[in-house]
Amino acid sequence: MLHANELVMLIIGIGTLLFILNNHHQLKRVPSSNILLGSFYLLVMGWFSTVMEGFLLESLLNYLEHFFYAASSILLAFWCWQTLYSKRNSSS
Amino acid sequence: MTPIAFLDAVFFVFSGAALLLVLCKMHADTFPRLGSRWLLVCLLLFTLVYSFCLFVEWSHITAKLDEFEDIIGALLPMWWAFFLYSMAQELSNLDLLKSEQKFKELSDSLPHVVFELDLHGNITYANLQGPVTTGYSFKDVEQGLNVNQLVSPAEKDKLSRNMTRIVTEKVDSHNEYTIVRKDGTTFPASISTRPIIQDGRITGFRGILADITERIRNDELILQSQAEFEAIFNSITDAVVFVDTDRKILRINPAFTEIFGYDFEEVRGKTTRFFYADPDAFDVQGQKRYDVRVVEKQPAYEMDYRKKDGTVFPAETLGVQVKNRDGEIIGFLGIMRDITQRKRDENEKASLESQLRQSHKMEAIGTLTGGIAHDFNNVLAIIIGNAELAKLDIAEGHTTHQHIDQILNASNRAKSLIKRLLTFSRQEKGEKESHYLCRLLEESLETIRSTIPKSIRLDGNIPAKCKESLENCLMITADSTQIHQLLMNLCINAIDAMGEVGTLTIDLNEVTFTDQIPADRTGIKPGCTYEHLTVSDTGHGMEPELVDKIFDPFFTTKDIDKGTGIGLSVVQGIIKNHDGCIFIESEPGEGTTFHIYFPTTTQTKKETQSPKEVQLPRGSEHILFVDDEEMLTMVGKSLLEKLGYTVTIQSKSNEALRLFQNDPSRFDLVITDQAMPNIPGSELARQMLQIRPDIPIILCTGYSSKVDKRKAREIGIREFALKPLDNREIALLVRKVFD
């Protein structure tokens, strides 16, 4: 069953994704940008899964949704540590 | 706990951990900056809340948070958008800051003033060099400093015009101004300005001001140095050529044009091959000296070059590498000094040295000849004297009389031989007097015959009428010594031209030129009679251009050790000295003929009468006869006594002087030899004259370099005679002194 809030999340997420793609060159200069952007991409995949579970493979996609969220949080935490605590990135 | 709840728990834990990590570093001076970091905190907070709501939902703890979860979840991507956008902006700002910092550092590191002006000319920015150069501080700039204050009053209009032009035409401007410092001093400056254009509109000016005092001073020094270089380059008397590494001519100096005859436009860009006398030398020198790989300094060298008119000349050449500031060879400088004159001088010097050596040899031969002549003349004097005495005692027609005549003839030939020897060795100074050229030629032919190789045939053709009697011949006024020398030089020249085999022909004839004088006989006077002497050889002959040069001093076609080049110039000098003319006919392979014309004279030579025609004069005076040759004193005594004189003889000069001192009035005449031990004849005469100034003295000598006729006269000696004298000559001389 499709929820409106999930659709809104996906739409705003895709908009943000387009912004990232548009400013990819600039954002690539963010320290450990692959981790940060990877975290966001996983989140988008989670939002996509939760929208899609209303149409097919509800259970599997639901699992995947929560998996993507968890993985995204791990990468985000790692990015925060890497950016704020790593000497290499601090110096930049 | 369901697997989903577990995943949500992981989601929650790591979100919380991330939030804690960020919160712990909220004030750290690291990326992201504070603004972005607050957005990150919000993002993490929403993520944490969202994960908590999910965990509560999927743990089935409560369903009351579902709606809240939906709101938070919907806002989550928005926070991501905010956060990422903020970081992108932050990165742009960082770039801008870095760029500004870079610009500022760059600007401040410049040795020139970098400035910005508004449209009114107010200075809005200046780098660190601004205060240093102008004396105005940044505070002055902040308080309002207009560019007009910096420019000298005389140039304010110019500045205004330029600013207007920049605004209207939107172009860059490069001008020089006199800038006035804060302390009133001025300096020249170059200002480059361009408009600041924002959104297509000019908002001000940006530019660089450079103090060009040093540059102007350097420019002046460069100009001065260039002027000095030009002056030197143009005033050098040696040819100077500047070529590139391919040896193509880039520049020449005026001396090059003067020496070689080429204008710059004729040689510009050409290789220097064209002015080498030997074109192959261009390549040889190129490998040896004019190659960028040749590093060592090359010494000067001699090379033959060809002028525009084809003339080849030697030049001392110095090749110099021209390098740029990096030490790379960018070309060569060739300096060529024409050494034609130096070479000529060297040849002349070598010739003079050779001539000097020859002169020394001749001097040595002359000294030797003189010594021999003296002794030989004494011997001859004894022979002749005794023979003549004997002849007086024997009746004419007697067989012995003829034998004595033979002795006298032979002695006279010997006397003549000695005279020629002295003439040849130039010990006897000649004087110009009337001579029969045929006789001089005969005498010379005898000498020439004895010196030329037997393989060369000598034809001496003297006119038959001269052979019959000299009275049929004309005379010339000449120095016999010089005529002998002239003939010798011409003959030596002819012999050298012929080598081993040939015919040397010497002809003599008289010629009178009418008004029709051949065009090639310049110098011949019409209506005059000349003795025409020709010297011909069958040698290799000469080219016409050589004929023109053979009378030049030191010109020779012979090897350096075989000829000095002065023989024919001496010949020409002798001919001029005798008012004569010389002409040459020569063809290559056809031999050479010298035509010499001597003007004849009507003056006749005083010929002495033959002994047969005169009676020897007699006398009764007392004569002191002094000679270190006792035999000669005996001959003299006998002869003079036969003539009636009273004779006292003395072989020692000091004894003779003592004899004279004892009784000066005892003697009426003193006859003395010159070359004697103890006191020479001239000194003996001087001392005797001091005792008795009126004593007549006759000085005789076989040969002496110390005294001659003129010197004898200066001493007071009445007569000077050269031995050997025959009886007739002695008798006449004695009588001449007394009478």
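Treat the numbers as computed from the prediction; the structure is a model and nothing was measured.

The rules we used
- Residues numbered from 1 in each chain as written.
- Chains lettered and ligands numbered in written order.
- Predicted model: local features only at pLDDT ≥ 70, side-chain atom pairs only at ≥ 80, totals over all residues.
- Heavy atoms only, no water.
- Helix = DSSP H or I, 4+ residues; strand = E, 2+ residues; numbered from the N terminus.
- Buried < 20%, exposed > 50% of the residue type's maximum accessible area, 1.4 Å probe, protein only.
- Contact = heavy atoms within 4.5 Å.
- Areas by Shrake-Rupley, 256 points an atom, 1.4 Å probe, with all protein chains shown as cover.
- Pairing = 2+ DSSP bridges.
- Axes fitted to C-alpha atoms, helices over the stretch in contact; angles between N-to-C directions.
- Patch = residues over 30% accessible without salt bridge, like charges linked within 9 Å, V, L, I, M, F, W, Y side chains within 5 Å.
- Salt bridge = Lys/Arg side-chain N within 4 Å of Asp/Glu carboxyl O.
- Parallel < 35°, antiparallel > 145°, perpendicular 65-115°, else oblique.
- Left-handed = near helix turned anticlockwise from the far one by under 90°.
- Nonpolar A, V, L, I, M, F, W, Y, C, P; charged D, E, K, R; others polar.
- Lys, Arg positive; Asp, Glu negative; His and termini not counted.
- Charge placed at Lys NZ, Arg CZ, Asp CG, Glu CD.
- Expected span 1.5 Å × (residues − 1).
- pLDDT = per-residue confidence, 0-100.
- Buried area = accessible area lost by both parts, 1.4 Å probe.
- Polar contact = N/O pair within 3.5 Å; in protein donor to acceptor, adjacent residues only side chain to side chain.
- Core = buried A, V, L, I, M, F, W, Y, C linked by side-chain atoms within 4.5 Å.

1. Side note on the overall build of chain A
Secondary structure assignment for chain A yields five helices and zero strands. Secondary structure elements of chain A occur, N-terminal to C-terminal, as α-α-α-α-α. Here chain A holds 92 residues, and the buried ones make up 51% of them. Within chain A, contacts between residues separated by at least 24 positions form 58% of all contacts whose residues are at least 6 apart in sequence. Here chain A has roughly 4,500 Å² of accessible surface; of this, 70% comes from carbon and sulfur atoms.

2. Some thoughts on the overall build of chain B
When helices and strands are tallied, chain B shows 23 helices and 22 strands. Counting all 739 residues of chain B, 43% fall into the buried class. When contacts within chain B are restricted to residue pairs at least 6 apart in sequence, long-range pairs at least 24 apart make up 60% of them. Put simply, chain B shows about 40,200 Å² of open surface, and 53% of that area lies on carbon and sulfur atoms.

3. So, the sheet that holds strand S9 (residues 312-323) of chain B
Neighbouring strands of a sheet are bound in pairs by backbone hydrogen bonds; such pairs are parallel or else antiparallel. Residue and element names in this part refer to chain B. Taken in spatial order, the five strands line up as S7-S6-S10-S9-S8 in an open sheet, and their pairing is antiparallel. Looking at strand neighbours, the two that pair on one side only are strand S7 (249-252) and strand S8 (301-306), the edges of this open sheet. Direction aside, neighbouring strands of the sheet carry axes that sit 35° apart on average. One ladder, built from six bridges, connects S8 with S9; its direction is antiparallel. Residue Met 303 lies in a different strand from S9, and its bridge partner there is Ala 315.

4. Thoughts on a nonpolar patch on the surface
Judged by side-chain polarity, Leu 2, Leu 7, Ile 11, Phe 55, Leu 56, Leu 57 and Leu 60 of chain A come together as a nonpolar surface patch covering roughly 670 Å² of accessible area. Along the chain, the position of Leu 7 of chain A falls in helix H1 (residues 4-22).

5. Focus: the sheet that holds strand S22 (residues 719-722) of chain B
Residue and element names in this part refer to chain B. The five strands lie next to each other as S19-S18-S20-S21-S22, forming an open sheet whose pairing is parallel. Only two strands of the sheet have a single partner each, and these edge strands are strand S19 (646-650) and S22. Pairwise comparison of adjacent strand axes, ignoring direction, gives a mean angle of 20° for this sheet. In this structure, strand S21 (residues 697-701) lies alongside S22, joined through four bridges in parallel fashion. Within S22, the position partnered with Leu 699 by the bridge is Phe 720. Packed on one face of the sheet, helix H20 (residues 653-662) meets strand S18 (622-626), S19 and strand S20 (669-673) and runs near 155° to S18. Packed onto the sheet, helix H21 (residues 681-691) meets S18, S20 and S21 and runs at close to 170° relative to S21.

6. Considerations on the packing of helix H2 (residues 34-58) of chain B against helix H3 (residues 66-109) of chain B
All names here are of chain B. Direction vectors running N to C along H2 and H3 enclose 155°, while the axes themselves pass 8 Å from each other. Considered as vectors, H2 and H3 are oriented roughly antiparallel to each other. In terms of crossing hand, the pair formed by H2 and H3 is left-handed. Residue composition of the contact of H2 with H3, by class: 18 nonpolar, five polar and four charged.

7. Concerning a negative patch on the surface
Judged by side-chain charge, Glu 543, Glu 545, Asp 548, Asp 552, Glu 587 and Glu 590 of chain B come together as a negatively charged surface patch. Examined against the element boundaries, Glu 587 of chain B turns out to sit in strand S16 (residues 581-587).

8. Thoughts on the pattern of salt bridges
Oppositely charged side chains may form a pair once their charged atoms are brought near each other. Residue and element names in this part refer to chain B. By the definition in use, this model includes 31 salt bridges over all chains. Among the ionic pairs, Glu 346 bridges to Arg 342, the shortest N-O distance being 3.8 Å. You can see Glu 346 and its partner Arg 342 sitting in helix H12 (residues 340-393), four residues apart, about one turn around the helix. Residues Arg 735 and Glu 621 are paired through a salt bridge, measuring 3.3 Å at the closest nitrogen-oxygen approach. In this pair, Arg 735 is assigned in helix H23 (residues 727-738) and Glu 621 in the loop between strand S17 (591-601) and S18, connecting sequence segments 114 residues apart. Of the two residues, Arg 735 and Glu 621, neither departs from the other in class, the shared state being buried. One network of salt bridges, with partners in common, ties together Glu 302, Glu 316, Arg 342, Lys 343 and Glu 346.

9. Some words on H23 of chain B
With 12 residues, H23 of chain B ought to run about 16 Å at 1.5 Å a step, and its terminal C-alpha atoms sit 17 Å apart, in line with that. Taken together, the buried positions of H23 of chain B are occupied by Asn 727, Arg 728, Ile 730, Ala 731, Leu 733, Val 734, Arg 735 and Val 737 of chain B.

10. Considering the confidence of the model for chain B
All names here are of chain B. Mean pLDDT over chain B works out to 85, with 94% of the residues at or above the 70 mark. Low confidence marks residues 609-613, where pLDDT is under 50. Its contacts with residues over four positions away, or in another chain, come to two contacts. Quick note on the complex model: pTM equals 0.44, ipTM equals 0.91.

11. A few points about the pairing of S7 of chain B
The two faces of the sheet receive side chains in turn, since in a regular strand these alternate between them. All names here are of chain B. In this sheet, S7 lies alongside strand S6 (residues 239-244) in antiparallel orientation, the contact comprising three bridges. Residue pairing for S7: Val 243 is matched across the bridge by Ile 249. In this structure, the hairpin formed by S6 and S7 is closed by a connection of four residues, where Arg 247 is found at a positive phi of approximately 65°.

12. Concerning the interface of chain A and chain B
Contact with chain A, which involves 37 residues of that partner, is made by 38 residues of chain B. Between chain A and chain B, the buried area comes to about 3,400 Å², and carbon and sulfur atoms account for 77% of it. Three residues stand out in chain A for area buried against chain B, namely His 66, Leu 84 and Tyr 85 of chain A, and they jointly supply 17% of the buried area on that side. Along the contact surface separating chain A from chain B lie one salt bridge. With its nearest N and O atoms 2.3 Å apart, the salt bridge here joins Arg 29 of chain A to Asp 95 of chain B. For the pair chain A and chain B, the number of links is eight residue pairs in polar contact (both at pLDDT 80 or more).

13. Concerning the nonpolar core
Of all hydrophobic cores here, the largest spans 46 residues; its most connected members are Leu 36, Trp 47 and Trp 79 of chain A together with Trp 80 of chain B. Contributing elements (two or more residues each) for this core: H1, helix H3 (33-52) and helix H4 (58-85) of chain A together with helix H1 (3-24), H2 and H3 of chain B. Apart from the residues within four sequence positions on either side, Trp 80 of chain B is in contact with Thr 16, Leu 36, Ser 39, Phe 40, Leu 43, Trp 47 and Leu 76 of chain A together with Leu 43 of chain B. With 43 residues, the next largest nonpolar core counts Ile 452, Ile 462, Cys 466 and Phe 594 of chain B among its residues.

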